[in-house]
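Descriptive analysis of the structure
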Amino acid sequence: KSRINDLIKNIDINDEVSKQDFNKSKKIIFTNNQNKLKECNIYIITVPTPINKNKTPDLTLIKKASVLVSNFISKNDTIIFESTVFPGLTNDIIIPLIEKKSQLKINIDFFCGYSPERVNPGDKKRKLTNIKKIVSGSNKKTLDNIANLYKKIVKAGIHKVSSIEIAEAAKVIENCQRDINIAFVNELSMIFDKMNLDTNEILKAANTKWNFLNFRPGLVGGHCIGVDPYYL
């Protein structure tokens, strides 16, 4: 509720959206009134997917959001997930949950898609509109519909994949790859430090080769990076 109240006042505590951006978005309604969902026919679910203390996926929030939407969806509605998950979660766990709660059938009464969120927090250059969007759907028509939806705002283009599982897997390995490479460079940095060698100069030299991956030493963290290997 406090987050909604901030957004209504054109305040983004994450400093991702400027006041000018809010002024361009007069048609957006910020609300936590569940009854407003009755007016929708496309639902995009973007909730955190953390891990438990024993390092297993904590699906509490994505299940709660799915149950919430299940109470309001009607025939021909589409639900799109953007949260990072393991390959198979949407089809094996979430869709059966929605079917049970709504008494509707996938690809007959309602449709689903998965299009991973890829925004880099704090990056003013790479935003939603200029990062290529991976899209998938529960059938071909849904895939096309979801692609056309995102095309309206994503200038960088759309990449269609053949199944929801392919899109889920693509997202989870993006962050796993970053996790591995940042951790590796951190290990190198500790070695070079003991040898009194300048890590930045070494990386700058190595980066003169065309296929060198230019990862820098730093925090292996953020919401996703330290979590996604456990989802994989």
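Since this is a predicted model, take the numbers as computed values, not measurements.

1. Side note on the packing of aromatic side chains
Scanning the model with the defined rule gives two aromatic pairs in all. With a centroid separation of 6.1 Å and 65 degrees between ring planes, the pair formed by Phe22 and Phe30 is classed as edge-to-face. Taking relative accessible area as the criterion, Phe30 reaches 26% and is therefore assigned partly exposed. Over the face of the ring belonging to Tyr150 we find Lys133, whose NZ or CZ atom lies 4.5 Å from the ring centre.

2. What about helix α4 (residues 89-102)?
Taking 1.5 Å per residue, 14 residues should reach 20 Å; α4 reaches 18 Å between its end C-alpha atoms and fits that length. The largest bend along α4 reaches roughly 30 degrees and is located at Ile95, with the proline Pro96 sitting one to four residues downstream. Contacts made by the buried residues of α4 are with α3 (60-70), β2 (77-81), β3 (110-114) and α6 (164-194). Count one or two residues on from α4 and you reach Gln103, which has phi positive near 65 degrees.

3. Digging into the layout of surface pockets
As a volume, the second largest pocket reaches approximately 210 Å³. Where the lining of the second largest pocket is concerned, the elements lending two or more residues are β2 and α5 (140-151). The greatest single-element share of the lining of the second largest pocket, amounting to five residues, is contributed by α5. Class assignment of the residues belonging to the lining of the second largest pocket gives a composition of five nonpolar, five polar and one charged.

4. Points about the sheet that holds strand β5 (residues 158-160)
Taken together, five strands build an open sheet; the order of strands is β1-β2-β3-β4-β5 and the sheet is mixed. Every other strand in the sheet has two partners, leaving β1 (42-45) and β5 as the edge strands with one partner each. Looking at each pair of strands side by side, their axes are set apart by 25 degrees on average, direction ignored. Taken together, the five bridges between β2 and β3 define a ladder with parallel strand orientation.

5. Regarding a nonpolar patch on the surface
On the surface, Ile191, Met195 and Leu197 cluster together into a nonpolar patch covering about 280 Å² of accessible area. Tracing the chain through its elements places Met195 in the loop between α6 and α7 (199-206).

6. Thoughts on the pattern of salt bridges
Counting across every chain of the model gives seven salt bridges. For the salt bridge of Asp12 with Arg3, the shortest nitrogen-to-oxygen distance reads 3.0 Å. Since its relative accessible area comes to 34%, Arg3 is described here as partly exposed. A salt bridge links Lys36 to Glu39; its shortest N-O distance comes to 3.7 Å. The exposure class of Lys36 is partly exposed, given its relative accessible area of 32%. A single salt-bridge network, built from bridges that share partners, covers Lys140, Asp144 and Lys160.

7. Quick word on empty space enclosed by the protein
Applying the stated rule across the entire model yields one cavity of 30 Å³ or more. For the largest cavity, the calculated volume is near 50 Å³. Taken together, Glu82, Pro116, Glu117, Arg118, Val119, Lys127, Leu128, Ile131, Lys132 and Lys133 make up the lining of the largest cavity. When grouped by side-chain class, the residues that make up the lining of the largest cavity number four nonpolar, no polar and six charged.

8. Overview of the pairing of β2
Of all five residues in β2, five are buried; the element is thus mostly enclosed. Residues Asp77, Ile79 and Phe81 point to one face of β2 and Thr78 and Ile80 to the other, with burial holding for every one of them. Pairing of β1 with β2, which is carried by four bridges, proceeds in the parallel orientation. Within the sheet, the bridge partner assigned to Ile45 lies in β2 and is Phe81. A crossover links β1 with its parallel partner β2, the connecting element being α3, and its sense is right-handed. Of the crossover connections in this fold, the one passing from β2 over α4 to the parallel β3 is right-handed.

What counts as what
Residues numbered from 1 in each chain as written. Predicted model: local features only at pLDDT ≥ 70, side-chain atom pairs only at ≥ 80, totals over all residues. Heavy atoms only, no water. Phe/Tyr/Trp six-rings, centres within 6.5 Å; stacked < 30°, edge-to-face > 60°. Buried < 20%, exposed > 50% of the residue type's maximum accessible area, 1.4 Å probe, protein only. Lys NZ or Arg CZ within 6 Å of the ring centre and 35° of its normal. Helix = DSSP H or I, 4+ residues; strand = E, 2+ residues; numbered from the N terminus. Expected span 1.5 Å × (residues − 1). Bend = angle between axes of the 7 residues up to and from the residue. Contact = heavy atoms within 4.5 Å. 1 Å grid on protein atoms, 1.4 Å probe; cavity = no way out; pocket = protein on both sides within 12 Å on 5 of 7 lines; lining within 4 Å. Points joined across faces, edges and corners; volume = space filled by probe spheres on them. Nonpolar A, V, L, I, M, F, W, Y, C, P; charged D, E, K, R; others polar. Pairing = 2+ DSSP bridges. Axes fitted to C-alpha atoms, helices over the stretch in contact; angles between N-to-C directions. Patch = residues over 30% accessible without salt bridge, like charges linked within 9 Å, V, L, I, M, F, W, Y side chains within 5 Å. Areas by Shrake-Rupley, 256 points an atom, 1.4 Å probe, with all protein chains shown as cover. Salt bridge = Lys/Arg side-chain N within 4 Å of Asp/Glu carboxyl O. Right-handed = clockwise from strand over helix to strand, strands pointing away.

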